[in-house]
Amino acid sequence: MRSYSLIAPAKINLYLEIIGDRPDGYHELAMVLQGIDLADRIDLNANGVDQFRLHCDHPEVPADESNLAYKAALLMAAEFPDAFEQYGGVNITIHKHIPVGAGLAGGSTNGAAVLVGLDLIWGLGLTQGELQDLAAKLGSDVPFCIAGGTAIATGRGEQLSPLPSINSLYAVLAKYRSLSVSTVWAYQTYRKQFGDSYSPVSTTGSAVGTSTTPKQRAHAGEIVAAIMHHDSSKIGKLLHNDLEKVVLPAHPQVAQLRETIQQFNPLGTMMSGSGPTVFALAESQAEAKHLQQQIQAALPDPDLQTWVTQFRAGGIQIV
Ligand code: ATP
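Please read all numbers here as calculations on a predicted model, not as lab measurements.

Visitor: I tried to follow the state of the cysteines on my own but got confused; where do I start?
Guide: Disulfides are covalent bonds that link the sulfur atoms of two cysteine residues. This structure, assessed with the given rule, holds zero disulfides. Free cysteine: Cys 56, not disulfide-bonded; nearest cysteine sulfur from Cys 145 at 16 Å. A residue is classified by how much of its surface remains accessible, and Cys 145, at 3% relative accessible area, is buried.

Visitor: I tried to follow helix 1 (residues 68-79) on my own but got confused; where do I start?
Guide: Owing to its 3.6 residues per turn, the α-helix brings residues three or four apart onto one side. Its twelve residues place the ends of helix 1 16 Å apart at the C-alpha level, agreeing with the 16 Å of an ideal helix rising 1.5 Å per residue. Turning to helix 1, its buried residues number three or more, namely Ala 69, Tyr 70, Ala 72, Ala 73, Leu 75, Met 76 and Ala 77. As for helix 1, its buried residues are in contact with strand 3 (53-56), helix 2 (81-87), strand 4 (90-95), helix 3 (106-121) and helix 4 (128-138). Where helix 1 begins, one side-chain oxygen reaches toward the backbone nitrogen of Ala 69, 2.8 Å away; that side chain belongs to Asn 67.

Visitor: Quick question: what am I supposed to make of the pattern of salt bridges here?
Guide: Under the definition given, this model contains eight salt bridges. Between Asp 24 and Arg 22 there is a salt bridge, with its nearest N and O atoms 3.0 Å apart. Residue classification places Arg 22 among the buried positions, given a relative accessible area of 15%. Of the charged contacts in the structure, one is a salt bridge between Asp 43 and Arg 41, with a shortest N-O distance of 2.8 Å. Owing to a relative accessible area of 32%, Arg 41 belongs among the partly exposed residues under this scheme. By sharing partners, the salt bridges in this structure join Arg 22, Asp 24 and Glu 28 into a single network.

Visitor: Any chance you could explain the domain arrangement of the chain here in plain terms?
Guide: Accessible area lost upon the coming together of the parts is a frequently used measure of interface size. Split by domain assignment, the chain resolves into domain 1 (3-166) and domain 2 (170-310). If you average the C-alpha positions of domain 1 and of domain 2, the two centres end up 22 Å apart. Each partner contributes to the interface: domain 1 provides 36 residues, whereas domain 2 provides 45 residues. In this assembly, domain 1 packs against domain 2 so that about 3,200 Å² is buried in total across both faces, 63% of it on carbon and sulfur atoms. The largest contributions to the domain 1 side of the interface with domain 2 come from Tyr 15, Leu 16 and Ile 18, which together make up 18% of the buried area. Summed over the shared surface of domain 1 and domain 2, the result is one salt bridge. Taking the shortest distance from any N to any O, the salt bridge between Arg 191 and Asp 21 comes out at 2.7 Å. Taken together, domain 1 and domain 2 are joined by 15 residue pairs in polar contact (both at pLDDT 80 or more). Taken together, the elements giving at least two residues each to the side of domain 1 that touches domain 2 come down to strand 1 (3-21), strand 2 (27-46) and strand 5 (150-155). Per-element accounting of the side of domain 1 that touches domain 2 gives the leading share, eleven residues, to strand 1. Along the lines of polarity and charge, the residues of the side of domain 1 that touches domain 2 split into 20 nonpolar, ten polar and six charged.

Visitor: Before we go on, may I ask you to explain the side chain of Thr 277 in this structure?
Guide: Secondary-structure assignment places Thr 277 in the loop between strand 9 (268-271) and strand 10 (278-282). Separated by 2.8 Å, the side chain of Thr 277 and the backbone oxygen of Ala 102 make a polar contact. Discounting chain neighbours no more than four positions away, the residues touching Thr 277 are Ala 102, Leu 104, Leu 173, Ala 174, Lys 175, Met 270, Met 271 and Ser 272.

Visitor: What am I meant to see in the confidence of the model for the chain here?
Guide: Should pLDDT be low for a region, the predicted coordinates there are not to be read in detail. In this model, the chain carries a mean pLDDT of 93, and residues with pLDDT of at least 70 account for 93%. Note that pLDDT drops below 50 for residues 208-214; the model gives that stretch six contacts with residues more than four away or on any other chain.

Visitor: Could you clarify how one ought to interpret the packing of helix 1 against helix 3 in this entry?
Guide: A pair of packed helices can be characterised by two numbers: the angle between their axes and the separation between those axes. Relative orientation of the contacting elements helix 1 and helix 3 amounts to 35°, with a least axis distance of 7 Å. For the crossing formed where helix 1 meets helix 3, the hand is right-handed. Between helix 1 and helix 3, the contacting residues are Leu 68, Ala 69, Ala 72, Ala 73, Leu 75 and Met 76 on the first element and Gly 107, Ser 108, Asn 110, Gly 111, Val 114, Leu 115, Leu 118 and Asp 119 on the second. Residues of the contact of helix 1 with helix 3, tallied by class, amount to nine nonpolar, four polar and one charged.

Visitor: What is the right way to read the site of the ligand from this model?
Guide: The immediate surroundings of the ligand are formed by 21 residues, with Gly 103, Ala 105, Gly 107, Asn 110 and Thr 183 found nearest. The backbone of Leu 104 places a nitrogen or oxygen atom 3.0 Å from an oxygen atom of the ligand. Contact between the ligand and Ala 105: an oxygen atom at 2.9 Å from a main-chain N or O atom of the residue. Contact with the protein chains covers 79% of the free accessible surface of the ligand, which is 610 Å².

Reading the values: rules and limits
Residues numbered from 1 in each chain as written. Predicted model: local features only at pLDDT ≥ 70, side-chain atom pairs only at ≥ 80, totals over all residues. Heavy atoms only, no water. Disulfide = S-S within 2.5 Å. Buried < 20%, exposed > 50% of the residue type's maximum accessible area, 1.4 Å probe, protein only. Helix = DSSP H or I, 4+ residues; strand = E, 2+ residues; numbered from the N terminus. Expected span 1.5 Å × (residues − 1). Contact = heavy atoms within 4.5 Å. Polar contact = N/O pair within 3.5 Å; in protein donor to acceptor, adjacent residues only side chain to side chain. Salt bridge = Lys/Arg side-chain N within 4 Å of Asp/Glu carboxyl O. Domains from an automatic or database assignment. Buried area = accessible area lost by both parts, 1.4 Å probe. Nonpolar A, V, L, I, M, F, W, Y, C, P; charged D, E, K, R; others polar. pLDDT = per-residue confidence, 0-100. Axes fitted to C-alpha atoms, helices over the stretch in contact; angles between N-to-C directions. Left-handed = near helix turned anticlockwise from the far one by under 90°. Near = heavy atom within 4 Å. Areas by Shrake-Rupley, 256 points an atom, 1.4 Å probe, with all protein chains shown as cover.

Below, the structure written as C-alpha cells:
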C-alpha cells in the first residue's frame, strides 16, 4: 500500500527519578511511562520522488528538518537507501491534537509513527525491537512511543521493560495554552541545582554503590508493585517526578494548578515529564469528567486547557 494513516498517542510519566549523570552527557533515569488515548494523526502518502515533504496544521510545530517526524524519515532513508531509491519519499501530514512542549512526548510519538509507517510503505518487515533500536537514535522517548502501553524505562529512557496494562484508569490533563517548558532547560536546571546529590553511575549506565551521600532515592519498585497488583489507589499515591523540583518554582502558575487539583482528592496528581502539563488520575470516565468540571470551575481561565483521557494499551496504530 502507498499510503497509511497512523495514530500516534501521547504519554504521561507516572514516575520519573533522576539517578545521576551518564558519561554520554545524558541523565540516568528510572521512569514508569504510560500511553494515553490523546493522540495525533499522521498521514503518509508515497510521493514517488526522492524527497520528504512535511505539513503540520499547528503553528508552533516546525515544518523543517528540526521536526522529529522529518528526522525519522531522513533516518529511514539513510538506513535503507535501496528502499528509498526504489520507492521514493512520502508526504507527511501531521494533524496535531497533543499540546506542544507539554511533557507529553508529542514530537517523539510523531517520529515513532513515521518509522512504523515507512517500514510498512517500503515493505521492510522490521521487528518491534529493530524499530525501537532505530527510534533510540531519534530521542530517548521515541522507543517507548513505538510500543506504548505501560513500561519501566531506564538508561536515558530508551531501555524498556513492559508492565501489565492498567488501561482501565483515566487521566485528566490540564495545561496553560500559552505555557511550554523546554525539556533541555528542565534537565540542565536540575543538574545545576541537584547535581551534587547524584548517585555515581557506572560506564554501563547503572547506578553503583557510593561512599558519598546519594540523594534520598524514591522507590520505583513500589509503584511497579502497585501496577502489578492493579492497585489504583496505591498507584495514585506513589506518583513521583523529580523535575517538579525545578519546574514548579519557576512556574508558580503550574504549582498553583497542581495544588488546586490536589484539593479535589483525585487518586493522585503529578506533573508529566518536563511539564508543564499536570495530570490527575481517576478510576472511571464519570469521575474524570467530574474532576475536569471541578478544575474548570475553580480556575475559569480561557488559557487553561483540559482533557479527559484513558490509559492506552498499545503504541503506534494503523487506522
Ligand atoms: P518530551 O515529553 O518528549 O520531552 P514534549 O512533549 O515536552 O517532549 P514536544 O511537544 O515534543 O515536547 O515539543 C518540543 C519541541 O520539539 C517543540 O517546541 C517543537 O519545536 C519541537 N518539535 C519537533 N518536532 C515536533 C513535532 N512533530 N511535534 C511537536 N513538536 C515538535
